[in-house]
Structure formats: C-alpha cells, structure tokens
Amino acid sequence: MHRFANPARFLRMAAAVLPWSAALTVGCLGAGLWFALFDSPADYQQGETVRIMYVHVPAAWMALFVYTNLAIASAVALVWKHPLADLAARAMAPIGAAFTALSLITGSLWGQPMWGTWWVWDARLTSVLILFFLYLGHIALANAFDDPTRGNRAAAILALVGAVNVPIIKFSVDWWNTLHQPASIVRIGGPTIDSSMLTPLLLMAFGFTFYFVSVLILRIRAEILARKLRTLRFAQGEATA
Amino acid sequence: MNAFVAVVARDLRLALRAPGDSATVVLFFVLTVILFPFGVGPEPQILARIASGIAWVTALLACLLSLDRLFQLESEDGSLEQIALSPAPLELLALGKCLAHWLTTGLPLIAASPLIALFLHLPAEGYPALLAALAIGTPTLSLIGGIGAALTLGARRGGVLLPLLVLPLYIPVLIFGVAAVEAELAGLSARPHLLMLGGLAALALPLAPWAIAAALRQSLE
Amino acid sequence: MSARIAEFVAMGGYAAYVWPSYALTAAVLIGLLWSSLRALRAREADLAREDGRGESRRRDRSAS
C-alpha cells in the first residue's frame with residue numbers, strides 16, 4: 001500500500017498549493033504584462049521590439065529550468081524509486097517543450113526586425129533548438145512503450161544522459177559559433193539591461209514559474225488517476241478471469 | 001573479462017558470417033555522399049568547401065543504420081537475462097557490444113572515407129585530419145548509439161525513435177570532427193579539435209556503458 | 001486618446017512582431033492549461049465510471 005500512501009499525501013499538499021500558485025500566476029503575469037507593455041521604455045537601439053524580450057527571455061529561462069527539474073525528478077525516480085518522481089518527470093516534459101518552442105518562435109519574431117532574417121545560427125538559438133529536440137525525444141520515448149512504467153524508466157535514463165550532454169552541447173555550439181562568426185550582427189540582450197526592464201522581466205519569469213507549478217500539479221494529478229485506473233482495470237481483469 | 005571477450009568475439013563471428021551488414025553500411029555511406037554532387041552541382045571548389053561536413057554527416061547517418069539491432073539478438077534469445085544474472089557486470093557486456101559495433105561499422109566507415117574524400121575533392125592536406133578525426137570520433141558515436149539502442153529495446157517504432165534520441169547527442173562530435181579537418185585546410189593545427197574529440201570519447205567511455213546497462217536492466221524487469 | 005491607443009497598437013512600427021509574440025505565448029500557455037485540465041477531467045470521469053462498475057459488481061456478487 002506504500003504505493004498509494006505517497007500520492008495521497010501529495011494530493012493533499014497539491015490541493016493546498018494549487019490555489020496559491022494559480023493566483024500568483026495570474027498576479028505576476030498581469031503585473032508583468034502591465035510593465036512590459038505600458039510602463040517600460042522602448043530601447044534606444046531596438047525600439048519597441050525590445051518588448052518581445054519580456055516573453056522570449058523568461059521562456060528561454062523556463063526551457064532550461066524545466067529541463068533541470070526533469071533531470072532531478074528522473075534521478076530521484078531512478079535512484080530512490082520514488083513513486084511520484086517518474087510521474088512528475090513525464091508530466092513536466094510537455095510543459096518544458098512548450099516553453100522551449102515559445103522561446104524559439106518569439107526569438108524568430110524578434111530576429112526578423114533586428115537581424116533582417118527569421119533564423120540566425122546564433123549560439124544561443126542553436127542550443128535552444130537542440131534542447132527542443134531533446135524534449136521531443138524524451139516525450140516520444142516516454143510514450144513508446146505499451147507499459148507506461150517502462151516508458152517512464154527509459155525516459156528517466158534519457159533525461160540524465162541529456163543532462164550530462166546539455167553543457168557539452170552548449171560548449172561545442174559556442175565553439176562552433178566562434179569558428180563561423182558572421183561579420184556583423186546586432187547582439188540581443190547583453191549587459192545593457194536597465195532596471196526598468198528588469199522589473200517586467202522578473203515578473204514574467206515568476207509568472208511562468210508559477211504557471212509551471214500549477215499546470216504540473218494538474219498533470220501529475222491526471223497521471224496519478226491514470227495509474228489508479230490501470231491498477232483498477234488490471235485487478236478487475238484478474239477478478240473476472 | 002572473459003565475458004567481454006566472448007561478447008565481442010561472438011558479434012565479430014556473426015558479422016563475418018554475414019558480411020553483407022557491414023558492406024551495406026559502407027554502401028549507404030558512399031551512395032549518400034554521391035547524391036551531393038547531384039544536389040549542389042559538380043563544381044570542385046564547392047564540393048571541396050563542404051567535403052568534411054558531408055563526410056561527417058553521412059558517417060553519422062550510416063552509424064545509425066545497424067544500431068536498432070544492437071541488442072535485439074540478446075534480448076530475443078534470452079542471453080541478455082543470463083548475462084544480467086551472471087557475475088560479469090552488465091556494463092562490460094555493454095562496452096563489448098559497442099566495441100563490436102564500432103569494429104563492424106566505424107572501422108569500415110574510416111576505411112571508406114578516403115574514397116569519399118576523393119569524390120568530394122577534399123584537398124590532400126585534409127586527408128590525415130579526416131582519418132584521425134573519424135578514428136577518434138566514431139567510437140563515441142557507437143557508445144552514444146548504444147544508449148539509444150538499449151533505451152528503445154522493445155519500444156513501438158523503435159527504429160524511427162532511435163535517430164530522434166541519438167542525433168542531437170551526436171552534434172558535439174560532428175562539430176569537432178568537422179572543425180579538425182577545416183582547421184587543417186585553413187593552415188591551422190587540427191590538434192585542439194582532435195583533443196576535444198578525445199575528451200568526448202573519454203567522457204562517453206565510462207558513462208555510456210553505465211547508461212546502457214541501466215537501460216538494459218530496466219528492460220528486463 | 002484614440003491617437004495614443006493607435007500609437008500603442010502600432011508599437012513603433014513593429015506591431016507585426018510584438019503582438020504575435022504575445023498572442024502566441026498566450027495561446028500556447030492557455031492551450032496547454034486547457035488540454036491538461038481536459039485530460040484530468042477525462043480521467044476523473046473514467047475513474048468514477050470504473051468505481052461505479054466495481055461497486056455494482058460487488059453488490060451483485062453479495063446479493064447472489
């Protein structure tokens with residue numbers, strides 16, 4: 001029964017956390033949008049396009065943040081065989097993939113007016129693109145087995161392999177980028193971030209984080225129910241047989 | 001140690017009995033490269049400019065060909081279970097399988113690479129760098145590929161899934177492998193890039209067998 | 001007033017890039033939330049149905 005003891009405690013905790021995280025999501029994103037769209041100056045170089053940064057940069061942060069969480073949950077699932085960690089990892093991956101996709105698309109929408117092209121093989125964009133494929137591989141592997149437990153375990157090992165590889169990929173892409181440095185590109189971001197820009201940036205980042213927590217709770221709940229359903233059906237199959 | 005030798009010897013015997021598999025990999029390598037002059041035109045300057053990139057990308061793809069069957073045999077005839085139960089560590093078996101894969105795939109690719117370089121008008125000074133880079137880089141490809149093969153064992157559409165898992169992880173090898181040849185062509189030393197490739201291999205050598213063994217164990221549960 | 005709104009919407013000539021970024025972000029985040037909620041509700045309904053069936057079967061068995 002130890003299998004169910006833990007989820008029960010999680011469900012109680014989740015029910016207590018969810019209203020707060022949902023409220024904080026709405027609050028932070030609301031305030032963040034106000035500052036991002038109305039109460040912050042346009043950049044003297046990039047003009048109003050700098051407002052894209054307030055969704056692009058936090059989304060890119062989330063892409064890495066969620067992958068870190070994914071790796072931690074996978075390690076916990078593999079080492080301690082914690083019954084919730086592999087469900088959490090499975091539930092996290094699509095959220096991380098969504099943020100990664102958002103970061104890529106908004107980056108492209110920012111790049112077009114700034115660089116005059118939709119895509120640049122910039123080191124950062126390229127690394128995020130590879131991270132996106134790591135997410136997709138993880139999701140595909142987790143769903144590739146008839147037995148979901150096997151899928152979760154295989155995906156957990158893949159997440160750890162990926163976590164070892166992310167810094168290596170980042171480093172090698174940076175290396176590659178310096179070998180093929182284009183003549184002149186406008187560097188996005190950089191150290192010229194004014195404090196008036198930092199407020200909306202951080203508010204949006206916190207909003208995204210609380211969104212991640214809220215949706216994660218919903219998705220883990222669904223995974224717990226799915227597992228309960230499977231054991232129930234299995235038991236009934238045994239009983240009728 | 002005996003188990004390790006036995007695994008490698010068995011795979012090599014199988015490969016010798018059916019030499020068609022290794023030949024197919026080489027054929028795929030050469031044939032895919034031959035497609036490029038049709039795609040980008042036969043101008044020697046253009047081909048020479050992209051030769052190292054084409055050689056490496058096609059080598060990565062050729063490496064994928066035989067991966068999905070890497071642990072199939074062991075899994076089907078039950079020997080995987082026996083080895084997992086035996087005192088010999090599963091990591092050693094994993095390493096042996098990767099070594100056998102490299103001997104039957106990586107080595108033929110290296111042997112065929114001068115021909116590829118010739119077709120693509122690679123300047124003569126690029127040959128040693130290409131061979132050295134492939135020699136140091138392809139073992140890493142076999143090791144990383146082994147992880148993908150073990151993870152997709154018994155998966156639905158495992159053959160399609162495998163490239164999705166493995167190709168992103170191949171990118172660092174591709175970057176340094178191509179950079180080594182390009183550096184030599186630019187009159188610089190290929191050494192730092194080859195050292196990087198060596199570093200990747202040194203990292204993959206202990207980590208990949210560990211991950212493969214973990215994946216194989218969970219496939220047996 | 002309306003001039004200021006028009007100026008705001010125009011985003012210094014970059015409206016075609018700024019607004020799609022925000023719209024897409026909103027669409028993806030709301031879409032993910034919606035699909036997660038829908039999956040949760042579907043599982044809850046499944047479980048309720050399954051529970052009901054199990055209960056009735058148990059009742060049948062005890063009755064016979």
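Rules used in this analysis
- Residues numbered from 1 in each chain as written.
- Chains lettered and ligands numbered in written order.
- Predicted model: local features only at pLDDT ≥ 70, side-chain atom pairs only at ≥ 80, totals over all residues.
- Helix = DSSP H or I, 4+ residues; strand = E, 2+ residues; numbered from the N terminus.
- Buried ≥ 20, exposed ≤ 12 C-beta atoms within 10 Å, placed from the backbone.
- Contact = placed C-beta atoms within 7 Å.
- pLDDT = per-residue confidence, 0-100.
- Nonpolar A, V, L, I, M, F, W, Y, C, P; charged D, E, K, R; others polar.
- Axes fitted to C-alpha atoms, helices over the stretch in contact; angles between N-to-C directions.
- Parallel < 35°, antiparallel > 145°, perpendicular 65-115°, else oblique.
- Left-handed = near helix turned anticlockwise from the far one by under 90°.
- Core = buried A, V, L, I, M, F, W, Y, C linked by C-beta atoms within 7 Å.

Asks: Quick question: what am I supposed to make of the overall build of chain A here?
Replies: For chain A, the count of helices and strands is 6 helices and 0 strands. Ordered by position from the N terminus, the helices and strands of chain A form the series α-α-α-α-α-α. The buried share among the 241 residues of chain A stands at 43%. Summarising the internal contacts of chain A: among those between residues at least 6 apart in sequence, 78% fall at separations of at least 24.

Asks: Explanation requested: the overall build of chain C in the structure shown.
Replies: Along the backbone of chain C there are 2 helices and 0 strands. Counting only residues that meet the buried cut, chain C has 12% of its 64 residues in that class.

Asks: Sorry, what's going on with the confidence of the model for chain C here?
Replies: Keep in mind that low pLDDT regions are not for reading the predicted coordinates in detail. Mean pLDDT over chain C stands at 80; residues scoring 70 or higher make up 81%. For this predicted complex, the interface score ipTM comes out at 0.89, alongside a pTM of 0.89.

Asks: Where do I start with the confidence of the model for chain A in this structure?
Replies: Residue and element names in this part refer to chain A. In the predicted model, chain A carries a mean pLDDT of 84, and the fraction of residues at 70 or more is 88%. Segment residues 1-5: pLDDT under 50, and 1 contact once partners within four positions in sequence are set aside and those in other chains are kept. Across residues 183-187 the pLDDT falls below 50, and counting only partners more than four positions away or on other chains, this stretch makes 4 contacts in the model.

Asks: Would you mind going over the interface of chain A and chain C with me for this structure?
Replies: As a measure of interface size, the accessible area lost when the parts come together is often cited. Across the boundary between the two partners, chain A contributes 29 residues, which contact 24 residues of chain C. Going through the elements one at a time, helix H3 (85-115) and helix H6 (195-240) of chain A are the ones with two or more residues in the side of chain A that touches chain C. The greatest single-element share of the side of chain A that touches chain C, amounting to 13 residues, is contributed by H6(A). Split into classes, the residues belonging to the side of chain A that touches chain C amount to 18 nonpolar, 5 polar and 6 charged.

Asks: What exactly am I supposed to notice about the arrangement of the chains here?
Replies: With 2 pairs of chains in contact overall, the contact-richest pair is chains A and C. A minimum C-alpha distance of 23 Å separates chain B and chain C, which share no contact.

Asks: Just checking my understanding: could you explain the packing of helix H6 (residues 90-119) of chain B against helix H7 (residues 126-151) of chain B for this structure?
Replies: Each pair of packed helices can be described by the angle between their axes along with the distance between the axes. Residue and element names in this part refer to chain B. Taken N-terminus to C-terminus, the directions of H6 and H7 make an angle of 150°; their axes are 8 Å apart at the nearest point. Between H6 and H7, the angle is such that the two are roughly antiparallel. With respect to the hand of their crossing, H6 and H7 are arranged in right-handed fashion. Its residues placed into classes, the contact of H6 with H7 shows 15 nonpolar, 9 polar and 1 charged.

Asks: What exactly am I supposed to notice about the packing of helix H2 (residues 20-40) of chain B against H6(B) here?
Replies: Residue and element names in this part refer to chain B. Running from N to C, H2 and H6 cross one another at 30°; their axes reach a closest spacing of 9 Å. When the interaxial angle is binned, H2 and H6 end up roughly parallel. In this structure, H2 meets H6 at a crossing whose hand is right-handed. For the pair H2 and H6, the contacting residues are Asp21, Ser22, Val25, Val26, Phe29, Val30, Val33 and Ile34 in the first and Thr104, Thr105, Pro108, Leu109, Ala112, Leu115, Ile116 and Phe119 in the second.

Asks: When you look at unusual backbone geometry in this model, what are you seeing that I'm missing?
Replies: One can expect most non-glycine residues to show negative phi and most peptide bonds to be in trans. A positive phi is found at A:Lys81, a non-glycine position, where the angle reads about 50°. Positionally, A:Lys81 belongs in the loop between helix H2 (53-79) and H3. When the 10 C-beta atoms within 10 Å are taken as the criterion, A:Lys81 is described as exposed. Of note, the phi angle at B:His121 is positive, near 60°, even though the residue is not glycine.

Asks: Just checking my understanding: could you explain the interface of chain A and chain B for this structure?
Replies: Taken together, the contacts link 23 residues of chain A with 21 residues of chain B. Looking at the side of chain A that touches chain B, the elements with two or more residues in it are helix H4 (123-142) and helix H5 (148-179) of chain A. Here the element with the most residues in the side of chain A that touches chain B is H5(A); it accounts for 14 residues. Here the side of chain A that touches chain B is built from residues that sort into 18 nonpolar, 3 polar and 2 charged.

Asks: What exactly am I supposed to notice about the nonpolar core here?
Replies: Generally speaking, a soluble globular protein has its nonpolar side chains buried in company with each other. A:Ala89, A:Leu141, A:Ile157, B:Ala55, B:Ala133 and B:Ala215 are the most contacted members of the largest nonpolar core, which totals 149 residues. Ranked by residues supplied to this core, first place goes to H3(A) with 16 residues. Contacts of B:Ala133, omitting those with residues within four sequence positions, involve B:Gly177, B:Ala180, B:Val181, B:Leu194 and B:Leu197.

Asks: So what exactly am I meant to see when it comes to helix H1 (residues 2-10) of chain C here?
Replies: For an α-helix, the turn length of 3.6 residues means that residues three or four places apart are oriented alike. For H1(C), the buried fraction is low: 0 of the 9 residues fall into the buried class. Backbone geometry just after H1(C) places C:Met11 at a positive phi near 50°.

Asks: Teacher, can you tell me more about the environment of B:Ala183 here?
Replies: Residues and elements named next belong to chain B. Tracing the backbone shows Ala183 in helix H8 (residues 158-185). When the C-alpha positions of Ala183 and His193 are compared, they lie 8.4 Å apart, and in sequence the two are 10 residues distant. Residues in contact with Ala183, not counting those within four places in the same chain, are Leu188, Ser189, Ala190 and His193.

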